[in-house]
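# Structure at a glance
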Amino acid sequence: LGAFLVAYGLLSLLDMADGYLARRLGQTSNLGVVLDLIADNVSRTLCWASVLTTGSAGSVACTAAVLIPCLEWVTALATQVISFAARSGHWKSAVKDPGMPRLLQAIFSNGFYNPVGAWVVLSLFGLPAVIGLRSTPQFAAHPVSPVLDVLLVLLAIGRALGAAAEVVLVQRTAQWLVALDKTD
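Every chain is numbered independently, its residues counted from 1 as its sequence is written. The predicted nature of this model means local features are confined to residues of pLDDT at least 70 and side-chain atom pairs, given and counted, to a pLDDT of 80 or more, with totals for whole chains, interfaces and linings taken over all residues. Side-chain metrics rest on all non-hydrogen atoms present in the structure, leaving aside hydrogens and water.

The next thing to look at is the overall build of the protein. Each helix and strand in the protein was counted, giving 8 helices and 0 strands. Comment: elements are numbered from the N terminus, with helices defined as DSSP H or I runs of at least four residues and strands as E runs of at least two. When its helices and strands are written in sequence order, the protein yields α-α-α-α-α-α-α-α. Burial statistics for the protein: of 184 residues in total, 33% are counted as buried. Whether two residues are in contact is decided by their heavy atoms, any of which lying within 4.5 Å being enough. Across the protein, every contact between residues at least 6 apart in sequence was considered, and the portion connecting residues at least 24 apart equals 69%. With residues, only the protein chains shown are counted as cover, and all accessible areas are computed by Shrake-Rupley using a 1.4 Å probe. Here the protein has roughly 10,700 Å² of accessible surface; of this, 72% comes from carbon and sulfur atoms. The buried label goes to any residue with under 20% of its type's maximum accessible area, the exposed label to any with over 50%, and the partly exposed label to all in between, with areas taken from a 1.4 Å probe on protein chains only.

Along the chain, Ala163 turns up in helix H8 (residues 145-183). In this structure, the C-alpha to C-alpha distance between Ala163 and Thr75, residues 88 residues apart in sequence, is 9.5 Å.

Aromatic ring pairs are reported here in terms of the distance separating the ring centres and the angle at which the planes meet. Under the pairing criterion, centres of Phe, Tyr and Trp rings, with the six-membered ring standing for Trp, must be within 6.5 Å; the plane angle then separates stacked pairs below 30 degrees from edge-to-face pairs above 60, leaving the rest tilted. All chains considered together, the criterion is met by 1 aromatic pair. With a centroid separation of 5.3 Å and 80° between ring planes, the pair formed by Phe108 and Phe112 is classed as edge-to-face. By the burial criterion, Phe108 is buried, and Phe112 matches it. Its end group placed over the ring of Phe125, Arg44 keeps NZ or CZ at 4.8 Å from the ring centre. Throughout this description, the term charge over a ring refers to an Arg CZ or Lys NZ atom that lies within 6 Å of the ring centre and within 35 degrees of the ring normal.

A helix is expected to reach a length of 1.5 Å times the quantity of its residues less one. Taking 1.5 Å per residue, 39 residues should reach 57 Å; H8 reaches 56 Å between its end C-alpha atoms and fits that length. For H8, the set of buried residues is Ser145, Leu148, Leu155, Gly158, Arg159, Gly162, Ala165, Glu166, Val168, Leu169 and Thr173.

In this model, helix H2 (residues 30-53) (24 residues) spans 35 Å end to end at C-alpha, consistent with the 34 Å of a helix rising 1.5 Å per residue. Within H2, burial applies to Val33, Leu37, Asp40, Asn41, Ser43, Arg44, Cys47, Trp48, Ser50 and Val51.

Another aspect to go through is the environment of Ala39. For Ala39, the position within the fold is in helix H2. For the pair Ala39 and Leu11, spaced 28 residues apart in sequence, the C-alpha separation works out to 9.5 Å.

A separate point is the pattern of salt bridges. Take a side-chain nitrogen of Lys or Arg and a carboxyl oxygen of Asp or Glu: if they are within 4 Å of each other, that pair is a salt bridge. The tally for this structure, following the rule as stated, stands at 3 salt bridges. We note a salt bridge from Arg159 to Glu72, for which the minimum N-O separation is 3.0 Å. Highlighted residues: Arg159 in helix H8 and Glu72 in helix H3 (residues 59-86), separated in sequence by 87 residues. Residue classification places Arg159 among the buried residues on the basis of a relative accessible area of 3%. The class for Glu72 is buried, based on a relative accessible area of 2%.

Moving on to the packing of helix H6 (residues 115-134) against H8. Packed helices, taken two at a time, are described by the angle their axes make and the gap between the axes. Between N-to-C directions, angles cover 0 to 180 degrees, with each direction set by a line fitted to C-alpha atoms, over the stretch in contact for helices. At a minimum axis separation of 7 Å, H6 and H8 run at an interaxial angle of 135°. Accordingly, the angle class assigned to the pair H6 and H8 is oblique. Relative to H8, the crossing made by H6 is left-handed. Classification used: nonpolar for Ala, Val, Leu, Ile, Met, Phe, Trp, Tyr, Cys and Pro, charged for Asp, Glu, Lys and Arg, polar for all others including Gly. Residue composition of the contact of H6 with H8, grouped by class: 16 nonpolar, 5 polar and 4 charged. Angles are sorted into four bins: roughly parallel if under 35 degrees, roughly antiparallel if over 145, roughly perpendicular if 65 to 115, and oblique for all others. Should the near helix be turned anticlockwise from the far one by less than a right angle, the crossing is termed left-handed; should it be turned clockwise, right-handed.

Within the fold, Ser123 resides in helix H6. Take Ser123: its relative accessible area is 0%, and that puts it in the buried class. Residues within four places of Ser123 in sequence aside, it is in contact with Pro128, Leu154, Leu155, Gly158 and Arg159.

Nothing here speaks to function; it is all geometry.
Below you can see the structure in the form of structure tokens.
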């Protein structure tokens, strides 16, 4: 698990650097957006799977390890449907609807480059890693355990905010598709 978490952290840092450099150098593409989304979801799904393999994760963590990746993949599909429909190239530019709930507006503001957005994104990547780390025998009685517990609560709240945003995105996409069917 330790080696996996190090690799996961490194992949997350490389992903952030790759996205920053692609935007900065003007080297973005529709294919790159989709490949980035797939890579993000695969890495988080594998991290959640590692929670299941530790054997000492509680039932809440195991339930989260199954349900959260499912929600993330459904949201990934919904965001790509939004992007395709808006012909915007990226779903983030398609969710700037003033009718969007305030929570989503706060999270998506400035492309996640804001306190709430950063907290949600950190929670997307950090929660499964901290759960996995916290459930290992080495950290059960470690002096840093109380710090991990506080971090776990903060990441869980951030992830819950993210899940609420994901549910709204999926719901709005489904409503749009139903309305589209009615016009055909």
